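What follows is the residue order along each chain.
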Amino acid sequence: MVELRARWDGLVPGSARLADELVARYVDRNRRAYRDYYLDIVLTALDSLIQLATDPTSVRLAAWFHRAVHEPGGTPAEDAESSARLAEEVLPQYGVPPIRIAEVARLIRLTGDLAAPPPDAYAPPRRDANGDVLLDAVNAILAADPSRYAVHTAEVRRDATDRKSALEHRYDEVRELLDGHLYRTQLARQRLSPVARVNLETELAGLDSELPAPWRGWQQAALTATATFSAIASAVVAIAASGASWEVPATEDEVGWPTVALAAVALLSAPVLFRCARSASQRARLISGAVVAVAVTGLLVAWAQMPRVNPAVGVGLRVPLLISALLLLLLAGSAALIASLLRTRTARFLPSRNLGQQLAWLAVPAVVALVLLLIIQPLARNYVLSSNERVEDARRPAGKASASTLDGGLAWVSKSMAGSGAEEAIGTRYGIAIPRLSGVVEMLDAATGVLRWRYSRSDSDEKPAIVATGDGDYVLAEFADVGYLLLDANTGERKAAWPGRTRDHLIQQAEPLLTGERVARGSDKLRGVDPDGRDRWTFEPGRCTSIGAVATTDTVVTFLGRSCGDETDEMVGLDLKSGKKLWTKQSSDNYRRPVVVAGLVVAAEPGGDSDVPAALTAIEPRTGETKWRWPVPGTWACRTLLNAAGRYLIVVDCPVSRKMEGGRTVVTAIDATTGQMAWQTTAPVSPRMKVTVTADGRVISLSRGWDGCWANVISRTGFRQVRLPSGISCSRDVRAIGNLVLVSGSDTVIALR
């Protein structure tokens, strides 16, 4: 106290009593904070800075008075205001000039707000030399000996009325101080700032351990993780892009080094951006900005070099993948730049890892992986699908086809369709769909054969496989290297693209829609599928099991063949909508060639090693009950063909066990509601001829005579032959769509009248 009292001597003449009174205030036993050692530190620092002041006496007086009045729990602003009033009351008694008293009071009131100067160079419009010196001296407590500083901060917190509020306020105050320069004069910055920062950071770490703040710093951690893992994801996508083509078909001089270079840059930038996101240096911001510039430049170059799509050239998968990789790199650089700037402004110091930061580091890579799988991959595929497709729509209304009476005339002849024929045609509600080479599907008007629409793809050079589904509303087309696409049968527009995982699925039945999946080891799978490719259910019967299936309007009947162990074959009924198992039935051998007729499932009961079944069995699909059994004549010798025609089951076979010259074919119609034969016709037609069955039960095949091509018609009324006009190819299969009969020309599809 004596040393402190000696610092006053000579400051104000004849003011010994005032000095003793001020010292007594700072050493009062009831005072918990801002005691005599605090004032000693302030005055000591002031001695080293006083040469910068324009009025040293006023600054010294303000330093002595600035905490002369202190109430427990009081704020610095309240203490400064009370102390300033005390100076204004006391100093006139000792002959201090009013102008100096006003300056002292002003300086004291400045200590009520010790906020740090802004982080940029301190250059206010008008310099306040006295205020700068005083505030730097007051803040000298921040650079005190660490043990002394710890005692001071503990006393300040103990002095507060609400300890938790004081901790939270002090935490924010220390953060604000650390984000600034701490001191206003260059001299104080050089002498005091390094120690002060160490003290503040130590205090902040202690405050963080006392405050329940499990989430503090998660934003900074999330940005750092985003910068790191986005760069890694960019490298992964760039590597994937290097294996894809830039355009379809790929050119021989197409090089992949740009994507490889991008992958290398992205991979190397991951650790660099990690460090940049955790640094507030100018270098970190420059590096992050450079990565952003590289990504933006790459995007502009990729956009400018993008291939122009035409019927012969399409966009390859490398285009969207490369753009996605550049966008991820742009995200990585931007996140690192934002993290560096944010750290400069509000988070120069962060506490040790807590729950929020740990969860951020776990969540960000998971989010990035989900973005790759659920956003980037689908968007890239959709971009390629959309860019490479064209729909030519003639806007013609769909006509209704007339039944072919087979009188030897032609109903219509399509335009040239090289590489396609009638055997590949399928019927829909809006016409006849035909696949063509080079990834084309055409819809012909059933009444006139005129083109209604054409769907084509630049990225497919093979003929698609097509089926009709959705009660004839859709055409499901399988394009090589693309997968299954659902086309609107009326307009040709693509309604859906099946998910990539369904690319290898097999269409088990188109109406209702079932798909199967063959498994090399284990069990085959059967799936109930919506037209857009979404699985409603999956049926897996077990190991070493093959699956055959047929569906009615509400039920799926599966035929399970066991190939290992002593298990017998089975039939299982499933609900078509839910896949729920309805019934199970043992069978000694698996049934073959099932067909749906009048709501029943009719299957061929095995007859040993022969293709000729022992009997035809009708199964009620909801219960598995056998409705009727029709024994197959023992003299039949060919592979029995089963077709549905209304309520009749049309059975095609050859009637004798030994081969006769020219051969014969027997056609039998069985009423599916009773299991009784409705009619039977034998015709002198070779059983080797491929036949088609119309909706009204006519069995038709083509044969070549010495004078041209003939149509063989076997029906309830008997057998007849019709000579067809020239230009029809007898070597190609005939096709019945409803009651319309189609044949092939040299490069056309022909409808018979």
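See above for the structure.
Residues numbered from 1 in each chain as written. Predicted model: local features only at pLDDT ≥ 70, side-chain atom pairs only at ≥ 80, totals over all residues. Heavy atoms only, no water.

As for the pattern of salt bridges
Scanning the entire structure with this criterion turns up 32 salt bridges. With a closest N to O distance of 2.9 Å, Asp47 and Arg7 form a salt bridge. One end of the pair, Asp47, is in helix α3 (residues 36-49); the other, Arg7, is in the loop between α1 (2-6) and α2 (16-27), with 40 residues separating them in the sequence. For Arg7, a relative accessible area of 32% corresponds to the partly exposed category. The network of salt bridges with common partners includes Glu392, Lys415, Arg436, Glu442 and Arg454. (Salt bridge = Lys/Arg side-chain N within 4 Å of Asp/Glu carboxyl O. Helix = DSSP H or I, 4+ residues; strand = E, 2+ residues; numbered from the N terminus. Buried < 20%, exposed > 50% of the residue type's maximum accessible area, 1.4 Å probe, protein only.)

Some remarks on unusual backbone geometry
Each neighbour pair has its own omega, and for Glu511 with Pro512 the value is -5 degrees, a cis peptide bond. Position of Pro512 among the secondary structure elements: in the loop between β13 (506-509) and β14 (514-517). Despite not being glycine, Asp481 has its phi angle at roughly 65 degrees, a positive value. When you line up the elements, Asp481 lands in the loop between β10 (474-479) and β11 (483-488).

Details of a nonpolar patch on the surface
On the surface, Leu370, Leu373, Leu374, Ile375 and Leu379 cluster together into a nonpolar patch covering about 510 Å² of accessible area. Under the relative-accessibility criterion, Ile375 is labelled partly exposed at 42%. (Patch = residues over 30% accessible without salt bridge, like charges linked within 9 Å, V, L, I, M, F, W, Y side chains within 5 Å. Areas by Shrake-Rupley, 256 points an atom, 1.4 Å probe, with all protein chains shown as cover.)

Here's the deal with the sheet that holds strand β35 (residues 749-752)
Pairing in this open sheet of 4 strands is antiparallel, and the strands run β4-β35-β34-β33 from one edge to the other. Both edges of this open sheet fall to β4 (410-413) and β33 (735-737), since each of them pairs with a single strand only. Neighbour-to-neighbour, the strand axes of the sheet open up by a mean angle of 30 degrees, direction not taken into account. The pairing of β33 with strand β34 (residues 740-744) spans 3 bridges and is antiparallel. Opposite Arg735, over in β34, you have Leu742 as the bridge partner. (Pairing = 2+ DSSP bridges. Axes fitted to C-alpha atoms, helices over the stretch in contact; angles between N-to-C directions.)

With respect to the environment of Thr259
Structurally, Thr259 is set in helix α12 (residues 257-277). Given a relative accessible area of 1%, Thr259 falls into the buried group. Each C-alpha atom of the pair Thr259 and Asn382 lies 21 Å from the other, and the pair is 123 residues apart in sequence. Discounting residues that sit within four places of it in the chain, Thr259 has contacts with Ala238, Ala241, Ser242, Arg318 and Leu322. (Contact = heavy atoms within 4.5 Å.)

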